[in-house]
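# Residue-level structure breakdown
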Amino acid sequence: MNSKRGQWASNLGFILAAAGSAVGLGNIWKFPGKIAAYGGGAFLLLYVLIVALIGLPVMLAELSIGRATQKNVVGAFHSLNRRWTFCGALGVITLFVILSYYCIVGGWVMKYVFVYLTGAHFPATAAPFQDFFVQFISAPVQPLLWGALFLGACIFVVVRGVSSGIEKFSKFLMPCLFLLLISIMLRAVTLPNAWEGVKYLFEIRPEAINGDTLVAALGQAFFSLSVGMGIMVTYGSYVPKKENLLRSAVMICFLDTLVAILAGLAIVPVVFATMGAEGLGMGGGFAFMALPEVFAMMPGGVLFGLAFFLLLFLAALTSAISILESCTAFLNEELHWSRLKSTLLLAVPMSLFSIGYSLSQNADRGLNLPWLDWKHGLQWLPMNAVMEKFTDNLMIPLGALLFCVFVGWIWGTSKAAKEIRGEAQKPFKLEKFWSFIVRYVAPVVILIILYFTLIQGQG
Ligand code: PHE
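I will try to describe carefully the structure that is included in this document. Remember, it's a predicted structure, so these values are computed and weren't measured experimentally.

### Points about the overall build of the protein
The secondary structure content of the protein amounts to 17 helices and two strands. For 459 residues, the compact-globule estimate of 2.2 N^0.38 gives 23 Å, and the protein sits close to it at 21 Å. Summarising its shape, the C-alpha atoms of the protein cover approximately 60 × 50 × 50 Å along the three principal directions. Pairs at least 24 residues apart make up 80% of the contacts formed inside the protein by residues separated by at least 6 positions. Looking at the protein as shown, the accessible area adds up to about 18100 Å², and 68% of this sits on carbon and sulfur atoms. The centroid of the 30 positive side-chain charges in the protein is displaced by 12 Å from the centroid of its 21 negative side-chain charges.

Shown next as structure tokens:
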């Protein structure tokens, strides 16, 4: 019945496509900033533990739903238990909102690639770098055009289908990404004074381990692994029945964490070498404001800058493709629209959100929307902040919670485990442990994050 459905042509192709989804702006843009803000090695240690103990089990749960049903995320829940269809629908809503701002940030990255490529370099002093960025993102039209171009690139790949579009492109783009990242990292750690930065990344100062660090590491892990919104249901649905999902999921988590650590090694030492520890204070503005400034101070900095933004572009592109694919699969399979029609008709309402997100970068023009957290009460925040909080603080953890409850208590971990094994008949290693995590540990931990972010108003 699923004869027309796409499938991955090889397991390696699947792993690279899923790793392409996981490796994104989260690893290269957010992760180094978080590591800097939350005390270096302590954050790294917690992060790695959380990926292994919570992220990987949740990813397996998602993949198993997809492979068992061979359907898009809404269809998958519908066919396992009609009453849980809403859970797939929530995933699609989350993805829709994420994509609408991911395209805008992807557009910023494309603009920077263009600036480095055409030699229209930034001015050489500190303030103009910040001014350049702030002026660019708060302009009314230009960022939207770059965002549209970025979305166009995603559509180009997604309409080609699963194996001849996404898989083929990921197999080419992911090795390029690794090569670029490793060369940037090697250059970074051999700069004078870089050692201080490397030490900061790996030195575990116990006082930096606390509740805040834990909440930040958990949120970062879900976002970075692309779990909690049905991407892994969709990508899992294209895996042939015989494959064992455990090995692939371990590989995907490993690659995602490796890229995050390499990105930390590529960025933190560079900032230490040129600006010292204060440079780390730039947090979110890291990639677009601090790094161009750092590159301008280095010999060969233009090439370095070009390589870095190209890397960021590839990472963002493969992630955005996975989001678009998950929404497209839903429209294509449930409403029987062609892939082209689905992507184009998605792009129309999405543009409204993208426009709101982009215009809100400029405080004078932005639309304010309500956001409620119990500690601070009802607040009116710019639309871009509300969109990020809505997805990162509410929808992703909620999605992950619902997926765990569904697999753990409704569908049942024994059915999911059978699916994970693939052709192998024997229970996989740690199967009982996995089931315990999905049923008890992950839901409790996710409820704790939701408590801190919504009730305590953190993040
Ligand atoms: N995991 C991607 C990253 O780290 C982001 C992403 C989020 C991708 C949600 C798909 C869905 O940037």
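From this point, things continue past the structure.
### What about the site of the ligand?
The environment of the ligand is made up of 16 residues, and the closest members are Leu25, Gly26, Tyr102, Phe223 and Ser226. Measuring from a nitrogen atom of the ligand, one finds a backbone N or O atom of phenylalanine 223 at 2.8 Å. In the model, a nitrogen atom of the ligand is placed 3.1 Å from a nitrogen or oxygen of the serine 224 main chain. Contact with the protein chains hides 100% of the accessible area of the ligand, taken as 320 Å² for the molecule alone. When the residues that make up the shell around the ligand are grouped by side-chain class, the tally is eight nonpolar, eight polar and no charged.

### With respect to the pairing of strand E2 (residues 377-382)
Sheet topology places strand E1 (residues 368-373) next to E2; six bridges connect them, and they run antiparallel. Pairing of proline 370 across the sheet is with tryptophan 380, part of E2. Taking the residues that link successive antiparallel strands as the turn, the E1-E2 hairpin has three residues.

### Considering the nonpolar core
Ranked by size, the top nonpolar core spans 168 residues in total, and within it Phe288, Phe308, Phe309 and Trp434 carry the most contacts. When residues in this core are grouped by element, the largest group, 19 residues, is from helix H14 (residues 301-334). If we skip the residues at most four places from it in the chain, phenylalanine 288 touches Trp29, Val105, Trp108, Val109, Tyr112, Phe133 and Phe309.

### Points about the packing of helix H3 (residues 41-69) against helix H12 (residues 245-275)
Two elements in contact, H3 and H12, have axes whose closest approach is 9 Å; the angle formed by their N-to-C orientations is 140°. Accordingly, the angle class assigned to the pair H3 and H12 is oblique. Relative to H12, the crossing made by H3 is right-handed. Within the contact between the two elements, H3 uses Leu44, Tyr47, Val48, Val51, Leu56, Met59, Leu60, Leu63, Ser64 and Arg67 and H12 uses Leu245, Leu246, Ala249, Val250, Ile252, Cys253, Asp256, Thr257 and Ile261.

### Examining the pattern of salt bridges
Here the idea is simple: oppositely charged side chains can pair when their charged atoms come close. By the definition in use, this model includes eight salt bridges. Across the salt bridge formed by glutamate 333 and arginine 5, the nearest N and O atoms sit 2.9 Å from each other. Pair noted here: glutamate 333 is in helix H14 and arginine 5 is in the segment before helix H1 (11-22), with a separation of 328 residues, a long-range link. Assessed through its relative accessible area of 21%, glutamate 333 is described here as partly exposed. Between glutamate 431 and arginine 421 there is a salt bridge whose closest N-O contact spans 3.0 Å. With a gap of 10 residues between them, glutamate 431 in helix H17 (residues 431-455) and arginine 421 in helix H16 (residues 383-421) connect regions that are remote in the sequence.

### A look at the side chain of serine 226
Take serine 226: it is sitting in the loop between helix H10 (211-225) and helix H11 (231-236). Note on serine 226: relative accessible area 6%, which makes it buried. Not counting the four nearest positions on each side in its chain, serine 226 is found in contact with Ser21, Ala22, Ile231 and Met232.

### Focus on a nonpolar patch on the surface
On the surface, Leu45, Leu49, Leu53, Ile204, Ile209, Trp409, Ile410, Leu430, Phe433, Phe436 and Tyr440 cluster together to form a nonpolar patch covering roughly 1000 Å² of accessible area. Broken down by secondary-structure element, the contributors of at least two residues to the nonpolar patch are H3, H16 and H17. Residue placement: tryptophan 409 occurs in helix H16. Tryptophan 409 gets classed as partly exposed once you look at its relative accessible area, which sits at 43%.

### A word on the packing of aromatic side chains
With the rule as written, the count across this model stands at 33 aromatic pairs. With a centroid separation of 6.2 Å and an interplanar angle of 75°, the aromatic rings of phenylalanine 150 and phenylalanine 313 are classed as edge-to-face. In this pair, phenylalanine 150 sits in helix H7 (residues 142-158) while phenylalanine 313 sits in helix H14, placing the two residues 163 residues apart along the sequence. Neither phenylalanine 150 nor phenylalanine 313 differs from the other in exposure class; each is buried.

### With respect to the packing of helix H9 (residues 194-202) against H12
H12 packs onto H9 with a crossing angle of 135° between their chain directions and a minimal axis gap of 7 Å. Of the possible angle classes, the one that applies to H9 and H12 is oblique. The hand of the H9/H12 crossing is right-handed. Touching Ala194, Glu196, Gly197, Val198, Tyr200, Leu201 and Phe202 of H9 are Ile261, Gly264, Leu265, Val268, Pro269, Phe272 and Ala273, all from H12. Looking at the contact of H9 with H12 residue by residue, the classes come out as 11 nonpolar, two polar and one charged.

### A few points about H1
Here H1 is 12 residues long and its end C-alpha atoms lie 16 Å apart, about the 16 Å a rise of 1.5 Å per residue gives. Counted residue by residue, H1 has 10 buried out of 12 residues, so it is predominantly covered. By the burial criterion, the buried members of H1 are Gly13, Phe14, Ile15, Leu16, Ala17, Ala18, Ala19, Gly20, Ser21 and Ala22.

Conventions and cut-offs
- Residues numbered from 1 in each chain as written.
- Predicted model: local features only at pLDDT ≥ 70, side-chain atom pairs only at ≥ 80, totals over all residues.
- Heavy atoms only, no water.
- Helix = DSSP H or I, 4+ residues; strand = E, 2+ residues; numbered from the N terminus.
- Rg over C-alpha atoms; globule rule 2.2 N^0.38 Å.
- Contact = heavy atoms within 4.5 Å.
- Areas by Shrake-Rupley, 256 points an atom, 1.4 Å probe, with all protein chains shown as cover.
- Lys, Arg positive; Asp, Glu negative; His and termini not counted.
- Charge placed at Lys NZ, Arg CZ, Asp CG, Glu CD.
- Near = heavy atom within 4 Å.
- Polar contact = N/O pair within 3.5 Å; in protein donor to acceptor, adjacent residues only side chain to side chain.
- Nonpolar A, V, L, I, M, F, W, Y, C, P; charged D, E, K, R; others polar.
- Pairing = 2+ DSSP bridges.
- Core = buried A, V, L, I, M, F, W, Y, C linked by side-chain atoms within 4.5 Å.
- Buried < 20%, exposed > 50% of the residue type's maximum accessible area, 1.4 Å probe, protein only.
- Axes fitted to C-alpha atoms, helices over the stretch in contact; angles between N-to-C directions.
- Parallel < 35°, antiparallel > 145°, perpendicular 65-115°, else oblique.
- Left-handed = near helix turned anticlockwise from the far one by under 90°.
- Salt bridge = Lys/Arg side-chain N within 4 Å of Asp/Glu carboxyl O.
- Patch = residues over 30% accessible without salt bridge, like charges linked within 9 Å, V, L, I, M, F, W, Y side chains within 5 Å.
- Phe/Tyr/Trp six-rings, centres within 6.5 Å; stacked < 30°, edge-to-face > 60°.
- Expected span 1.5 Å × (residues − 1).

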